Amino acid sequence: MQLFNKNLDLLRSHQPALANRVEREPRQNIVRTKISKDGNPIPQIGSVSLHSNYNPTKEAENGVSGYCLDNTQKPVIYGLGFGYHVLEVIKRYPSKEILVIEPLISIFQSFMESVDLEPFVPNIKFIISTPPPKIIASNETSNWKKFQHNPSKRISDDYFNKLDNAIEVSNYLKNNKLRILIVNPYYGGSLPTANYCKQALNTMGHHAESVDCENFADGFFSIKKITRNTTNENLLASQYARFMGQYIAAKAADFKPDLVLSIAQAPLTPESISNLKKLNVPIAFWFVEDFRTIKYWKDVAPFYDYFFTLQRGKFTEELLSIGAKNPYYLPQGCLPSVHKEINLSLDDLNQYSTDISFMGAGYYNRVQSFTRLLNHNFKIWGTEWSLNSQVGSLVQNKNQRIDPIDIVKIYNAGKINLNLHSSKFHEGVNPVGDFVNPRTFEIAACGGFQLVDERSELVELMEPGAEVVTFNSIDNLCEKVDYYLNNENEARLIALNGKKRVLNEHTIQHRMHEMLVHIFMDNLNSLKDRIDSPYRDSVSFYIDKVGESSKLGLYLDQFRGLKEFSVKTMVDCIAEGKGDLSDEELLVLMTDQVVKSEV
Amino acid sequence: MVKNILILNMTRMGDLVQSTPAIAGLRKEYPNASITLVVSSLFDEFSKKIPFINKRVVFDIKQFENREVKNKILWIDIYQYLEKFLSNLKFDDYDLLINLSHSKLSAFMISYLKIKNIRGFGCNENGDRIMVNPWMQYFGIEPLNRQFNPFNLVEIFTRSAGVFPEDNPIQLLSDDNKLILKKFENDINYDDDLLIGIQAGSSLEGRRWSPQNFAILADKLIEKLDAKIILLGVDSEKNIAEQIILISKYKNKIIDLTGRTNIDQLTALVSRCSYLITNDTGTMHIAAAVGTTIVGLFFAHAHPFETAPYSSGHIIFQARISCAPCSYGVTCDNVICVNKVHPKHVMSMILSHYKYGAWCAVPEISNLNEVNIYETCVGKDWRLRLRPLIKNSLTLNDIFREAYLMHWMVFLGTTKINKSSQSHVKDILLKEYDCRNILTLSKQVEVKACALRDLDNLASRGISYANDLIDMCLNKISTHIIRIKFLSEEIEVLDNKISQIGFIHPEIKPVVDIFAKRKENFQGDDPIKLSKESLKCYRQLKEEGNYLENLLASITSDLKIANADNFHAAVNSINVEVPGR
């Protein structure tokens, strides 16, 4: 136990989130520790010893002898065991950071109990029991040089196969453009997430389009106003939902996506989802809400092919129990093109500068707890605040909608950004709060310093104390407010660390990459069939038809890869051109005239 | 030396007939050249009747109609067809191209073929439409100034091809009609029957006289002249024919041949008719070409001055209401023009013509003030013109239309026509219109003359600016750059003012519009060349404005004098009753 605790302390300074997990994770007792003939500990699972029963160090030396790296390559070791082979790799390449990927946390726990961690840090970054898509999304894999620990592979063959598969999928996604249809919600906090997903996917080189259901929000809300009869209201709502399902299907039929991604509160009924399945593409849902507060997931989750969530544990269990397929934990993120540090004008500074800022809706716990800060220079922006209250008088925008650019200014301008996760019934901090809101990442990406209430999932995402500062009660909040208002340099450093972490690991691009890898690990072949289809890229199809070396083929080459292509595309391109018209351009213009008049 | 001529005429049947003067003129100009005619596949058969053609090339884009587009490859099929079609034409190495199709498609084709010598509607290397020929430029402004246009489209196109229509009537090659007409021997006694054709349909529904009116007229013709009526038209017009027969009292005297004739048979039948009563259609132009007397019914957009049959001896009925003719592109939901022409009026005119062999104003029509009746005839200037048979009150539009006839003949560059004396205009107006309101009209003309003087001032300013620009561009002094920029801006302001005069005074708009059209056709970006072209435009504007002002003054003065003479004659003392005598 002494060794474990010593190792834990060392690990805490090196990988605090992992240390936290190792400490919290209950023991499963599947690993037995034996002593080899030369006196070294070796793990055994079932009848499989993960190292030589005689001389594990010699075995490791022999095993690693053929493993060579050049300057550009990064060593990645599949399987930890008790690390003898890892130490050999460290010996050979002492200046390199080495990734060790181990699927079983039990192995790692036993390792921590039996092996001195000191020789391994700081060279080793342990990736323990992490889903392959997450590993791929967080790491650049193009320079990986793999060392396979064969006994570990035997134990966790499926996992390592998936990891290789994930790498293959990731590489394929980087080199091919997917068509992704995003179904937006009518309204609410998840609508910006939908828009960010689209922007992120397009930035990544894919072709993402949205079904802008928010354009139908007025219709949706008017149903509630038109009748007080609940039966009638439900009937109208159901018909409206059916219409929206058809509307979305029409867009999908036209766009021919490789993936349909629905964002929380998108108006897709089970019937509509089943209809979309005729496309024979994955239909995914990103539930960016609190499952305990918003309950409609029970009706729709089983119909989706993939269900992404901000919460796991209990939520995952419940999802599986109702037949949901492939629940997968995927936290929120920021969009660097939107959430960034900006220069503020004098007017902006006048408007947005403050000691403490808060941007968000007037939920119960915020209304209750923010009164504790009335003695500070405190500004609030958001909606649904009671403007006549003490706290309400601090609301700068009088409950009016705020543009995203102004939100970014708020995050940039305040000395302390307050980030209290919402609750409809807690007086302050939710003691069992789990998921992390997008604001956490957005503030960090803007370089803002934030005080955020403790959340169980936060520890893995950002390092409290180093990259973000947390509070566990309103009293604690008040103390930290006072402290950091008087220690701005420290706050600034933490904000910088937080920004670095978030931009490296917690952008919407990271999330989308992880999502796509996860989905297409199961669907790569059908994706390849669709992408390789001659009807996929219409320009390529036309070139193929007329011949690549023909005059028309050569002319069409400039349009390859365009999202939309038609005769009009060419005509518009010609109109913007300069100089004499070529023969091909004249023929296109003539074709356009014929098409318009004759067909 | 021109050896190989290509004519693009991918338009409708009537337009093909109307292009025969141009083709005849080209044949005269180039007697040894080979003439190739490109026609639409729809009129492939008909085009065999166009004289002076050595070779026909069929342009068949109709094949792409109704093709399924599920594979989305249709545009490639069209592209490849066009490429092959035009490559074949290129291979034939034409040295003169006449474009009688006024479409963008034909303009692009011309640009692709790269034939240097072209006449008609063209396109430059950048894809911009160009109309270099003055008559083509006039054609470009005509749709916006229809009420002042004195020219038949045949005349405009023929002159734009560099040919004089006065010497070249419309014509078609004739076939052995007897053989062709044998098919209908059972229905028609060609020797005894007075055959009258009715073309009741037309391409545009709004242009048609009602089946009821046709039926009433047919009955009258049968009753009064023992005529045999044949209903002509395409298959889609069968329902119109059926309605006529249903209403008529003499069904056995009406033969429905709609959809039953090919083009040869139609031509033969029309040539055998004594009269063709028709809406503004291609059949009407066939009748004009084969010498059949036409009674034309022009409604909606149809405008006799544009599309009257281009030969003499025909009459045209048109509503004389403020909205006639209506503009292309509008859809009327309260059509009243078609009801202004009554079958009894048409019958009266035909009866009179049948009896006397000439058109004249019968008493029944003399008080019609909501109908125009024109006769097509050749005037003193050998041009075909429309002679009103009802002497309506002279209007400002009438004065300007006649004035523009002379004006454009001078300025659009035709050396064939002598500059008629301005008194000739006076004579025509006095003969064809009731000019007693000339005093009122002359005041209106004076207002327009004032506007023309304003135009003259603006044109002078334009000349001055253009001269300054030329000087500065030639001298290339860098300090002039600011001045050049200033002048360019001033010219833009000036042109807007010129344009505004046209809007405020529609009677002057043709002059303003052609000024703008000339400027549109500037080519290249050499500033000196462009400035010189600008100078030329302003000078032309000045000259034309002055000419028109003088012409109008002369016309109104002559008319006032003539009217005064008539007045004095009317109140001569000899004619005054002396009390008690």
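Residues numbered from 1 in each chain as written. Chains lettered and ligands numbered in written order. Predicted model: local features only at pLDDT ≥ 70, side-chain atom pairs only at ≥ 80, totals over all residues. Heavy atoms only, no water.

Focus: the overall build of chain B
Item 1. The helix and strand inventory of chain B stands at 20 helices and 15 strands.
Item 2. Burial analysis of chain B (581 residues in total) assigns 56% to the buried set.
Item 3. Put simply, of all contacts in chain B between residues at least 6 apart along the chain, 69% involve residues at least 24 apart.
Item 4. Only carbon and sulfur atoms are counted for the fraction: they give 51% of the accessible area of chain B, which is about 26100 Å². (Helix = DSSP H or I, 4+ residues; strand = E, 2+ residues; numbered from the N terminus. Buried < 20%, exposed > 50% of the residue type's maximum accessible area, 1.4 Å probe, protein only. Contact = heavy atoms within 4.5 Å. Areas by Shrake-Rupley, 256 points an atom, 1.4 Å probe, with all protein chains shown as cover.)

Quick look at the interface of chain A and chain B
A common way to express how large an interface is: the accessible area buried when the components associate.
Item 1. In this assembly, 26 residues from chain A lie in contact with 27 residues from chain B.
Item 2. When chain A packs against chain B, close to 2500 Å² is buried across both sides, 72% of that on carbon and sulfur atoms.
Item 3. Between Lys 90 of chain B and Asp 583 of chain A there is a salt bridge, with the nearest N and O atoms lying 3.6 Å from each other.
Item 4. At the surface where chain A touches chain B, the tally comes to 2 residue pairs in polar contact (both at pLDDT 80 or more).
Item 5. Sorting the residues of the side of chain A that touches chain B by element identifies helix H24 (538-546), helix H25 (551-556), helix H26 (567-576) and helix H27 (583-598) of chain A as the ones contributing at least two each.
Item 6. The dominant element in the side of chain A that touches chain B, judged by the number of residues it contributes, is H27 of chain A, at 12 residues.
Item 7. Residue classes in the side of chain A that touches chain B are distributed as 18 nonpolar, 3 polar and 5 charged. (Buried area = accessible area lost by both parts, 1.4 Å probe. Salt bridge = Lys/Arg side-chain N within 4 Å of Asp/Glu carboxyl O. Polar contact = N/O pair within 3.5 Å; in protein donor to acceptor, adjacent residues only side chain to side chain. Nonpolar A, V, L, I, M, F, W, Y, C, P; charged D, E, K, R; others polar.)

Side note on the side chain of Asn 145 of chain B
Residue and element names in this part refer to chain B.
Item 1. Along the chain, Asn 145 falls in the loop between helix H6 (134-141) and helix H7 (153-160).
Item 2. A relative accessible area of 4% means that Asn 145 is categorised as buried.
Item 3. Within polar-contact distance, the side chain of Asn 145 engages the backbone oxygen of Ile 141 at 2.9 Å.

Some points on the pairing of strand S6 (residues 124-128) of chain A
Residue and element names in this part refer to chain A.
Item 1. Counted residue by residue, S6 has 4 buried out of 5 residues, so it is predominantly covered.
Item 2. Relative to S6, strand S5 (residues 98-102) is paired through 5 bridges, and the arrangement is parallel. Across the sheet, the residue bridging to Leu 99 is Lys 125, located in S6.
Item 3. Considered for its hand, the β-α-β crossover made up of S5, helix H5 (residues 105-114) and S6 is right-handed. (Pairing = 2+ DSSP bridges. Right-handed = clockwise from strand over helix to strand, strands pointing away.)

With respect to the packing of helix H17 (residues 438-475) of chain B against helix H18 (residues 480-504) of chain B
Residues and elements named next belong to chain B.
Item 1. Two elements in contact, H17 and H18, have axes separated by 10 Å at closest approach and are oriented at 160 degrees. In terms of axis orientation, H17 runs roughly antiparallel to H18. Remark: the crossing between H17 and H18 carries left-handed chirality. For the pair H17 and H18, contact is made by Ala 451, Asp 454, Leu 455, Leu 458, Arg 461, Gly 462, Tyr 465, Asp 468, Leu 469, Met 472 and Cys 473 and by His 480, Arg 483, Ile 484, Leu 487, Glu 490, Ile 491, Leu 494, Lys 497, Ile 498 and Ile 501, respectively.
Item 2. Here the residues of the contact of H17 with H18 are counted per class, giving 13 nonpolar, 2 polar and 6 charged. (Axes fitted to C-alpha atoms, helices over the stretch in contact; angles between N-to-C directions. Parallel < 35°, antiparallel > 145°, perpendicular 65-115°, else oblique. Left-handed = near helix turned anticlockwise from the far one by under 90°.)

Quick look at the packing of aromatic side chains
Given two aromatic rings, one states the distance between the centres and the angle between the planes to describe the pair.
Residue and element names in this part refer to chain B.
Item 1. By the definition in use, this model includes 60 aromatic pairs over all chains.
Item 2. Ring geometry for Trp 135 against Tyr 138: centres 6.3 Å apart, planes inclined by 70 degrees, an arrangement best described as edge-to-face. Taken together, the residues span about one helical turn, with Trp 135 and Tyr 138 both in helix H6 at a distance of 3 residues.
Item 3. A relative accessible area of 3% means that Tyr 138 is categorised as buried. (Phe/Tyr/Trp six-rings, centres within 6.5 Å; stacked < 30°, edge-to-face > 60°.)

Topic: the sheet that holds strand S12 (residues 306-309) of chain A
Pairing between the strands of a sheet is mediated by backbone hydrogen bonds and can be parallel or antiparallel.
Residues and elements named next belong to chain A.
Item 1. A sheet is described by the order of its strands in space; here 6 strands give the open sequence S9-S8-S10-S11-S12-S13, paired in parallel fashion. The open sheet has two edge strands, strand S9 (207-211) and strand S13 (327-329), and neither has a second partner. Each strand axis lies, on average, 25 degrees off the axis of its neighbour in the sheet, ignoring direction.
Item 2. In the sheet, strand S8 (residues 179-183) pairs with S9 via 5 bridges, with the strands oriented parallel.

Section: the pattern of salt bridges
Item 1. According to the stated counting rule, one finds 68 salt bridges over all chains in the structure shown.
Item 2. With a shortest N-O distance of 3.1 Å, Glu 460 of chain A and Arg 312 of chain A are connected by a salt bridge. With Glu 460 of chain A in helix H19 (residues 458-461) and Arg 312 of chain A in the loop between S12 and helix H14 (314-321), this residue pair connects regions lying 148 residues apart in the sequence.
Item 3. In this structure, Asp 15 of chain B engages Arg 12 of chain B in a salt bridge whose closest nitrogen and oxygen atoms are separated by 3.8 Å.
Item 4. Of the residues examined, Arg 12 of chain B reaches a relative accessible area of 51% and is grouped as exposed.

Here we look at the confidence of the model for chain B
Residue and element names in this part refer to chain B.
Item 1. With 93% of its residues at a pLDDT of 70 or more, chain B has an overall mean of 87.
Item 2. In the model, residues 570-581 has pLDDT below 50 throughout and makes 3 contacts with residues more than four positions away in sequence or in other chains.
Item 3. Per the prediction output, this complex has pTM 0.64; the corresponding ipTM is 0.81. (pLDDT = per-residue confidence, 0-100.)

Topic: the packing of helix H10 (residues 217-226) of chain A against helix H11 (residues 230-255) of chain A
Residue and element names in this part refer to chain A.
Item 1. The N-to-C vectors of H10 and H11 enclose an angle of 165 degrees; their axes lie 9 Å apart at closest approach. By the criterion of interaxial angle, the relationship of H10 to H11 is roughly antiparallel. The chirality of how H10 crosses H11 is right-handed. Where H10 abuts H11, its residues Gly 219, Phe 220, Ile 223, Lys 224 and Ile 226 lie against Glu 233, Leu 236, Ala 237 and Tyr 240.
Item 2. Partitioned by chemical class, the residues of the contact of H10 with H11 number 6 nonpolar, 1 polar and 2 charged.

So, the sheet that holds strand S2 (residues 41-45) of chain A
Residue and element names in this part refer to chain A.
Item 1. The strand order S1-S2-S3 describes an open sheet built from 3 strands, whose pairing is antiparallel. At either margin of the open sheet sits one strand with a lone partner, and together these are strand S1 (31-35) and strand S3 (48-49).
Item 2. Looking at chain direction, S2 and S3 are connected through 2 bridges and run antiparallel. Its bridge partner lying in S3, Ile 45 is registered against Val 48.

Considerations on the state of the cysteines
Item 1. Under the counting rule described, the total for this entry stands at 0 disulfides over all chains.
Item 2. Free of any disulfide, Cys 326 of chain B has its nearest neighbouring cysteine sulfur in Cys 337 of chain B, separated by 6.3 Å. (Disulfide = S-S within 2.5 Å.)

A few points about the side chain of Asn 184 of chain A
Residue and element names in this part refer to chain A.
Item 1. Looking at where Asn 184 falls in the secondary structure, it is placed in the loop between S8 and helix H9 (190-203).
Item 2. A relative accessible area of 0% means that Asn 184 is categorised as buried.
Item 3. Reaching out from Asn 184, the side chain makes a polar contact with the side chain of Asp 212 at a distance of 3.5 Å.
Item 4. In contact with Asn 184, not counting residues within four places along its chain, are Leu 191, Ala 194, Asn 195, Ser 210, Val 211, Asp 212, Cys 213, Glu 214, Ala 266 and Pro 267.

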